[in-house]
Amino acid sequence: MTDSHWQPSASLKTLKARADLLATIRRFFTARNILEVDTPLLAKYSVTDPYMDVLMADNPVGQQDSYFLQTSPEYAMKRLLAADSGPIYQICKAFRKGEAGGRHNPEFTMLEWYRPDFDHHQLMNEVEALVSEVLNNQQPFERVTYHDLFLKHFSVDPHSSDCEAIRSIARQHLDIQMESEQKDDWLNLLMAESIEPTLGIDTPVFIIDYPSSQSALAKIGMDNNGNAVAQRFELYCQGLELANGYFELTDVEEQKQRFKKDHQLRQVLSAPTVEADQFLLAAMEQGLPSCAGVALGVDRLLMLSQGLKGIAEAISFSIDRA
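Now for a description of the structure that goes with this document. Bear in mind that the values here come from a model prediction, so they are computed numbers and not experimental data.

## A few points about the packing of helix 5 (residues 163-173) against helix 6 (residues 183-195)
Point 1. Remark: helix 5 packs on helix 6, axes separated minimally by 9 Å, with the N-to-C direction vectors making an angle of 30 degrees. The angle between the axes of helix 5 and helix 6 places the two elements in the roughly parallel class. Relative to helix 6, the crossing made by helix 5 is left-handed. Residues Cys 163, Ile 166, Arg 167, Ile 169, Ala 170 and Arg 171 of helix 5 form the contact with helix 6, whose participating residues are Lys 183, Trp 186, Leu 187 and Leu 190.
Point 2. In the contact of helix 5 with helix 6, the residues fall into seven nonpolar, no polar and three charged.

This is how it looks when you write it as structure tokens:
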């Protein structure tokens, strides 16, 4: 550590731009009569996603069980939706263990919002409106299917091809030592290493119709080719993933099955066991309204709007200065 590490990692100019960005976001949602909410950062449950590491904390009331710093406000916000909150948004901190680098900080700022009676296509329109306002973008965003991306880059159908075929392509294009029997591991690797850097360079682009195995908490539908696909999207700008949205799953029994599959995959990957969020399941039992939701990285949006080189320049104190 040097004497200069007490100083902010962001410039004063950027901090002022950050304040302006937050004000713009709040004006955007106020104009649409969407309620700002605030949910706990520290909670009893966390996500079961096998590929996400969570940060834990001691129980704040002295009991034996640990608590979790939240990776997103999703579960708590869905509980509000089930309690008839109507459309809601939140700007909050989120935490993910082990994520540090030019585009990642273990603590970061997330904007998340939910629209009852919207599907993911309607929500993409709203995401486009907000991001275009912030980036002063005048061009319509592109929308490309996951299938067409892989067909363009590798001449392969990601839905019908088996794990061995996708693994073979990955080894042809990348110098890697990875071993996995999970097809999605190889698809994710090709996406991250070969495709993502090319996305949204001139015009922001939404990627839609992900494989059904990558549905997370999204509903599953059918694409024009008869493939089962996740009804979700990701937004990329200048090779940077900016937002991730779903036409949200509302079937509690299906949600239980997905939590169970996550648990099984965690065992395969030797990842720590994480208990399914019983509060979320109870809320879904009560009834989660048909809705679409999206999470957007505020720090990354600021990076894009200000032409910053890394996330450390977008936040007051990066992890090495916290």
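## Digging into a nonpolar patch on the surface
Point 1. A surface patch of nonpolar side chains, amounting to about 280 Å² of accessible area, comprises Tyr 51, Val 268 and Leu 269.
Point 2. Take Leu 269: it is sitting in the loop between helix 7 (252-268) and helix 8 (278-287).

## Let's talk about the pattern of salt bridges
Point 1. All told, the structure shown has 14 salt bridges when counted by the stated rule.
Point 2. For Glu 248, the salt bridge is made with Lys 78, and the minimal N-O distance between the two is 2.7 Å. Residue Glu 248 is found in the loop between strand 11 (240-247) and helix 7, and its partner Lys 78 is found in helix 2 (residues 74-82); the two are separated by 170 residues along the sequence. Of the two residues, Glu 248 and Lys 78, both sit in the buried class.
Point 3. The partner of Glu 234 in a salt bridge is Arg 232, with the nearest N and O atoms 2.5 Å apart.
Point 4. Sharing partners across several salt bridges, the network here consists of Arg 32, Arg 115 and Glu 126.

Rules of the game
- Residues numbered from 1 in each chain as written.
- Predicted model: local features only at pLDDT ≥ 70, side-chain atom pairs only at ≥ 80, totals over all residues.
- Heavy atoms only, no water.
- Axes fitted to C-alpha atoms, helices over the stretch in contact; angles between N-to-C directions.
- Helix = DSSP H or I, 4+ residues; strand = E, 2+ residues; numbered from the N terminus.
- Parallel < 35°, antiparallel > 145°, perpendicular 65-115°, else oblique.
- Left-handed = near helix turned anticlockwise from the far one by under 90°.
- Contact = heavy atoms within 4.5 Å.
- Nonpolar A, V, L, I, M, F, W, Y, C, P; charged D, E, K, R; others polar.
- Patch = residues over 30% accessible without salt bridge, like charges linked within 9 Å, V, L, I, M, F, W, Y side chains within 5 Å.
- Areas by Shrake-Rupley, 256 points an atom, 1.4 Å probe, with all protein chains shown as cover.
- Salt bridge = Lys/Arg side-chain N within 4 Å of Asp/Glu carboxyl O.
- Buried < 20%, exposed > 50% of the residue type's maximum accessible area, 1.4 Å probe, protein only.

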